[in-house]
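Below are the chains, spelled out letter by letter.
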Amino acid sequence: MAESKKTGGATTAAPSGIAPSQAPKGTLDGRCPQGPIADRWTKHKFELKLVNPANKRKYEVLVVGTGLAGAAAAASLAELGYNVTVLTMHDSPRRAHSIAAQGGINASKNYKNDGDSVHRLFYDTVKGGDYRARESNVHRLAEVSGNIIDQCVAQGVPFAREYGGYLDNRSFGGAQVSRTFYARGQTGQQLLLGAYSALSRNVGAGTIKMLTRRDVLDIVVVDGKARGVIARNLVNGKLERFGAHAVLLCTGGYGNVFFLSTNAKACNVTAAWRAHRRGAFFANPCFTQIHPTCIPVHGDIQSKLTLMSESLRNDGRVWVPKKAGEARPGADVPEDERDYFLERRYPSFGNLVPRDVASRAAKQVCDEGRGVGSTRLAVYLDFRDAIQRLGKNAIAERYGNLFQMYEKITGDDPYRVPMRIYPAVHYTMGGLWVDYNLMSNLPGLFVLGEANFSDHGANRLGASALMQGLADGYFVIPYTLGGFLAAEPLGSKVSTDHAAFAQAEAETKERLQKMLSARGKRTVDSFHRELGMLMWDHCGMARNDAGLRRAAGRIAELREEFWKNVSVPGSGTELNQSLEKAGRVADFLEFAQTMVHDALYRTESCGGHFREESQTPEGEAQRDDQNFSHVAAWEFTGIGEKPALHREELSFEYCKPSQRSYK
Amino acid sequence: MSSKEQGLRLVLEVWRQKGQEDAGRFETYVLESVSPDNSFLEMLDQLNEKLVKEGQEPVAFDHDCREGICGACGCVVNGQAHGHEKGTTLCQLHMRSFPNGAKLVLEPFRASAFPVLRDLVVDRSAFDRIIQAGGFVSVSTGSAPDANLVPVAKDNAEKAMDAAACIGCGACVASCKNSSAMLFTSAKVSHLALLPQGQVERERRVSAMVAQMDAEGFGACTNTQECEAACPKEISIENIARMNREFFKAKLKGR
């Protein structure tokens, strides 16, 4: 294990860095165990207190969300004996957006005998995150990655297999080993259905109380501890109170702040934002991932963007015309008038540079007026050469289903004309701040999966989101929640008659009523679209001081207009999808300002966060370890007010930060 | 090119029902300038924007991922669940496949086991209860052996995956004259019966799931194959045959 040798905490200081503009109000401790990194989780598990098996059923746990993290947590905790209630906004727990993940799930099984190890997965993830994640958390993630595959196979997840009957793996970006397990292009679906089956087994056995079509609209905090939630029954509109000893938010990311993203339509920040407003810190909200290969925007009615698997870049060549404003169709542009800009700029990685690099390069050529298609916001992904070299059949075997999906959506046949692609918002690395136990700064409030900020730093590697969601749910929370509950007296659960519940319910009711009674002239979607456009233009693939300040000002105006001029038909006492959307957009309008504030604060570039002021002479992201090797966790101080900063310093004992280079 | 530039004109007859107790009725709307590049749900978004601007209540419909995998969306379009295109969910159906001036009749997925909650939104929780009755392997977190301990023949793994691709949308039920849930139930029974991990509970599973399916009020299968034709994931009715065999074997063993 030579590679696990300590390499010290040396950092590459950027001499041109800009010192943080805001002084911290406080510092945060991730409460990571100490000692050799490979022993920390084992040691910690032993040191965590246990709850007496006979007492477990007396502890009530609320799980919000049924994606990979929520479903896995709920099932695992119910199996341990806790009294679990699960809430989902969907009509069925199986609809959660984890279902849409395509590519795969990483695990350091080393079944390929190609040199993978826990330490290598740990190292790749810390490096891929551009040195903005906690080493202890990431190592734990790598340690349990193998157990996840074992668990899923035992549940009957039909992973791809080789002819001998053993599990197959494929390669993915950011790694030089083959460690990605997959189920066709539907890995997320199969893993979620596995977790859903475990959840369902417990529901059938009566060990989980499952409530669907419930939208959590507030978190109830009593004496600084999370004690329950207020949810709206989406069928009859009734507000319901749920009390518990602990609340687990497994509510996903906030990519829909951009309106157009690869997220499902209902994905929202509401539960996380409401927890934030009740005191939970929001960490690194500016860390968002833009995926380079999505089907471009085609018009102003478009409702979402569709991802095309990253694997297409293995054989497709990315290019734009050399000349700005080229009018000929792609296939008619002669070879010497094409600019294969990724191959030109990054000769060694070519079309396979990481997601953030590929996305920024596409934006740059479009900014130069060389984009293609009717909107000029697209680049070509061309399979002409691969088809000539390998034959149409070989390409069809590799990408047939993707080509079909592309043709279905765009009406173009990618075997004959180059695909058009453009980057789109895909994943959010930021989230509620949690310690090593996945507990937020509000005791009793745990945050799992994409909703927390913990493991991916400033950029997530492909096939690692599924890994993290399931790690948190199956193998972390069952231990760490016990550690918390063991110190909680059974009588500490607060009655839902408590004044804090009544107050939260009344506030929620008032908010809903305010939206319903505005009776304005603009639809909810029109506000959401405008907010999304603002965020995309100023807080998207590239950000700068002036643009971010402009966005902050405009968001405040838009928010004000929303409350005066939104039109929400219907009432609050029925199934009212306009009202559901309005509440989500109202929260996005508040959250967006914190996100922009974080992007303004972080004057360095790192991972998915590219500040134009901080780049190398060649135009690449320039990290500033001297000033920004920390987590920025924000405390709510009022709507539109400057949030207070809490810093958690990051130290790198095992993975020495270095400038990423793909030239 | 004219319809591409000006968009399509559509006449929509949409089922409107305020709630479970309401009788419901069709309402007609004319929608202009629908881009052929839009998906069917984006066309409904356009309709709803128009309705809200006119001060009317928008049409409620379930939807989420809009890429054909979550299974939330779906309604009956001109008599066909998810519309006329084979192997396609409503969200992946694009307006370019409709002619200018088309008249479209939109109804919810109807079945007595799928009560209408509002407009095109139905309650499909019966599907969840069928899974809760037995659509799982009883393995608690932490008790799994190494993933490669039990090899699975590639053919079986592929067939299991074909069945597991079901998205639980309910189109099979909506398109069946008996409102049978056999395709849905058999897909899960097959998925697990084909894998070594599913063997221990094989008989108990099929018995419990079929009993729950009946208790929910779904009808029986009379082999009309409408379900397979409507299934957006093209789940094969071979699965129904397999479930029938599994069921008889379980009964012969008295389980």
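Residues numbered from 1 in each chain as written. Chains lettered and ligands numbered in written order. Predicted model: local features only at pLDDT ≥ 70, side-chain atom pairs only at ≥ 80, totals over all residues.

A word on the overall build of chain A
Consideration 1: On a plain count of helices and strands, chain A comes out with 17 helices and 22 strands.
Consideration 2: Computed over C-alpha atoms, the radius of gyration of chain A comes to 24 Å, within 12% of the 26 Å expected from 2.2 N^0.38 for 663 residues, which places it in the range of a compact globule.
Consideration 3: If one aligns the C-alpha atoms of chain A with their principal axes, the spans along those axes are about 75 × 65 × 50 Å.
Consideration 4: Going through the 663 residues of chain A one by one, you find that 59% of them count as buried.
Consideration 5: Of the contacts made within chain A by residues no fewer than 6 positions apart, 75% connect residues no fewer than 24 positions apart. (Helix = DSSP H or I, 4+ residues; strand = E, 2+ residues; numbered from the N terminus. Rg over C-alpha atoms; globule rule 2.2 N^0.38 Å. Buried ≥ 20, exposed ≤ 12 C-beta atoms within 10 Å, placed from the backbone. Contact = placed C-beta atoms within 7 Å.)

Section: the environment of G640(A)
Residues and elements named next belong to chain A.
Consideration 1: Within the element layout of this structure, G640 appears in the loop between strand 21 (630-635) and strand 22 (644-649).
Consideration 2: For G640, a count of 14 C-beta atoms within 10 Å puts it in the partly exposed group.
Consideration 3: Sequence-distant contacts of G640, defined by excluding residues within four places in its chain, comprise A556 and Q593.

Here's the deal with the sheet that holds strand 2 (residues 25-34) of chain B
Pairing between the strands of a sheet comes from backbone hydrogen bonds, and it takes one of two forms, parallel or antiparallel.
All names here are of chain B.
Consideration 1: Here five strands make up an open sheet; going across it, the order is 2-1-5-3-4 and the pairing mixed. Two strands lie at the open edges of the sheet, namely strand 2 and strand 4 (80-81), each paired on one side alone.
Consideration 2: When strand 3 (residues 76-77) meets strand 5 (residues 103-107), the two strands line up antiparallel, connected through two bridges. Paired with V77 across the bridge in strand 5 is L106. (Pairing = 2+ DSSP bridges.)

Looking at the sheet that holds strand 21 of chain A
All names here are of chain A.
Consideration 1: The sheet built from five strands is open, its strands ordered 1-22-21-11-17 with mixed pairing. Of all strands in the sheet, those bounded by a partner on one side alone are strand 1 (26-27) and strand 17 (431-432).
Consideration 2: Relative to strand 22, strand 1 runs parallel, the two sharing two bridges. If you follow G26 over to strand 22, its bridge partner there is H646.

Focus: the interface of chain B and chain A
Consideration 1: Taken together, the 66 residues of chain B in the interface contact 65 residues of chain A.
Consideration 2: Breaking the side of chain B that touches chain A down by element, the ones donating at least two residues are helix 2 (40-53), strand 6 (116-118), helix 3 (125-134), helix 4 (154-164) and helix 6 (182-193) of chain B.
Consideration 3: Among the elements that take part in the side of chain B that touches chain A, helix 2 of chain B stands out by supplying seven residues, more than any other.
Consideration 4: Considering only residue class, the side of chain B that touches chain A consists of 29 nonpolar, 21 polar and 16 charged. (Nonpolar A, V, L, I, M, F, W, Y, C, P; charged D, E, K, R; others polar.)

A word on helix 7 (residues 202-215) of chain B
Residues and elements named next belong to chain B.
Consideration 1: Here helix 7 spans 20 Å end to end across 14 residues, near enough to the 20 Å set by a 1.5 Å rise per residue.
Consideration 2: All of the buried residues along helix 7 are R205, V206, M209, V210, Q212 and M213. Axial view of helix 7: buried residues confined to an arc of 160°, hence all on one face.
Consideration 3: Residues of helix 7 that are buried sit in contact with helix 3, helix 6 and helix 9 (238-252).
Consideration 4: Among the residues trailing helix 7, G217 stands out with phi positive, at a value near 95°. (Expected span 1.5 Å × (residues − 1). Arc of directions from axis to C-beta.)

Brief notes about the domain arrangement of chain A
All names here are of chain A.
Consideration 1: The assigned domain composition of chain A is domain 1 (45-289 + 427-492), domain 2 (291-426) and domain 3 (497-626).
Consideration 2: Averaged C-alpha coordinates put domain 2 and domain 3 at centres separated by 30 Å.
Consideration 3: With five residues of domain 2 at the contact, the number on the domain 3 side is five residues.
Consideration 4: For the side of domain 2 that touches domain 3, the element with the highest residue contribution is helix 9 (residues 355-367), accounting for four residues.
Consideration 5: Here the residues of the side of domain 2 that touches domain 3 sort into one nonpolar, one polar and three charged. (Domains from an automatic or database assignment.)

Looking at the domain arrangement of chain B
Residues and elements named next belong to chain B.
Consideration 1: If you check the domain split of chain B, you get domain 1 (2-107) and domain 2 (125-252).
Consideration 2: The C-alpha-based centres of domain 1 and domain 2 are spaced at 31 Å.
Consideration 3: At the junction of the two partners, domain 1 supplies twelve residues and domain 2 supplies ten residues.
Consideration 4: Grouping the amino acids of the side of domain 1 that touches domain 2 by side-chain chemistry returns four nonpolar, eight polar and no charged.

Digging into the environment of R416(A)
Consideration 1: Counting through the fold element by element, R416(A) comes out in the loop between helix 11 (392-410) and strand 16 (419-428).
Consideration 2: What makes R416(A) exposed here is the crowd of 10 C-beta atoms within 10 Å.

Focus: helix 9 of chain B
All names here are of chain B.
Consideration 1: Over its 15 residues, helix 9 extends 21 Å from the first C-alpha to the last, a length consistent with the 21 Å expected when each residue adds 1.5 Å.
Consideration 2: Those residues of helix 9 not exposed but buried are N239, I240, R242, M243 and E246. Seen end-on, helix 9 carries its buried residues on one side only, within an arc spanning 155°. Turned more than 90 degrees away from the buried face of helix 9 sit R245, F248 and L252, all of them exposed.
Consideration 3: Taken together, the buried residues of helix 9 touch helix 4, helix 6 and helix 7.
Consideration 4: One or two steps after helix 9, the chain reaches G254, where phi turns positive at roughly 75°.

As for the nonpolar core
Consideration 1: Of all hydrophobic cores here, the largest spans 290 residues; its most connected members are L248(A), L249(A) and L432(A).
Consideration 2: Once residues lying within four places of it in the same chain are set aside, the contact partners of L249(A) are V64(A), G65(A), A271(A), A272(A), A275(A), L432(A), L445(A), V447(A) and A451(A). (Core = buried A, V, L, I, M, F, W, Y, C linked by C-beta atoms within 7 Å.)

Structural notes on the confidence of the model for chain A
Consideration 1: Per-residue confidence for chain A averages 94 on the pLDDT scale, and 97% of its residues sit at or above 70.
Consideration 2: In the model, residues 1-15 of chain A has pLDDT below 50 throughout and makes 28 contacts with residues more than four positions away in sequence or in other chains. (pLDDT = per-residue confidence, 0-100.)

A word on unusual backbone geometry
All names here are of chain A.
Consideration 1: Phi is positive for R184, which is not a glycine, with a value near 45°.
Consideration 2: Classification of R184 as partly exposed rests on a count of 18 C-beta atoms within 10 Å.
Consideration 3: Phi angles above zero are rare outside glycine, and R376 is one such case at about 60°.

Describing the packing of helix 7 of chain B against helix 9 of chain B
Residues and elements named next belong to chain B.
Consideration 1: Where helix 7 meets helix 9, the axes come as close as 9 Å, and the angle between the chain directions of the two elements is 110°. Looking at the two axes, helix 7 sits roughly perpendicular to helix 9. Here helix 7 contributes R202, E203, V206, S207 and V210 to the contact with helix 9, which in turn contributes M243, E246, F247, K249 and A250.
Consideration 2: Partitioning the contact of helix 7 with helix 9 into residue classes produces five nonpolar, one polar and four charged. (Axes fitted to C-alpha atoms, helices over the stretch in contact; angles between N-to-C directions. Parallel < 35°, antiparallel > 145°, perpendicular 65-115°, else oblique.)

A short note on the pairing of strand 21 of chain A
Side chains on a regular strand alternate between the two faces of the sheet.
Residue and element names in this part refer to chain A.
Consideration 1: The buried count for strand 21 comes to five of six residues, which makes it a mostly enclosed element.
Consideration 2: Pairing between strand 21 and strand 22: six bridges, direction antiparallel. If you follow W634 over to strand 22, its bridge partner there is L645.

Comments concerning the pairing of strand 15 (residues 379-382) of chain A
Residue and element names in this part refer to chain A.
Consideration 1: Of the two faces of strand 15, both are covered, the one formed by V379 and L381 as well as the one formed by Y380 and D382.
Consideration 2: As judged from the three bridges shared by strand 13 (residues 317-321) and strand 15, these two strands associate in the antiparallel manner. Paired with R317 across the two strands is D382, which belongs to strand 15.
Consideration 3: The pairing of strand 15 with strand 16 spans three bridges and is antiparallel. Bridge assignment links Y380 to a residue of strand 16, and that residue is R420.

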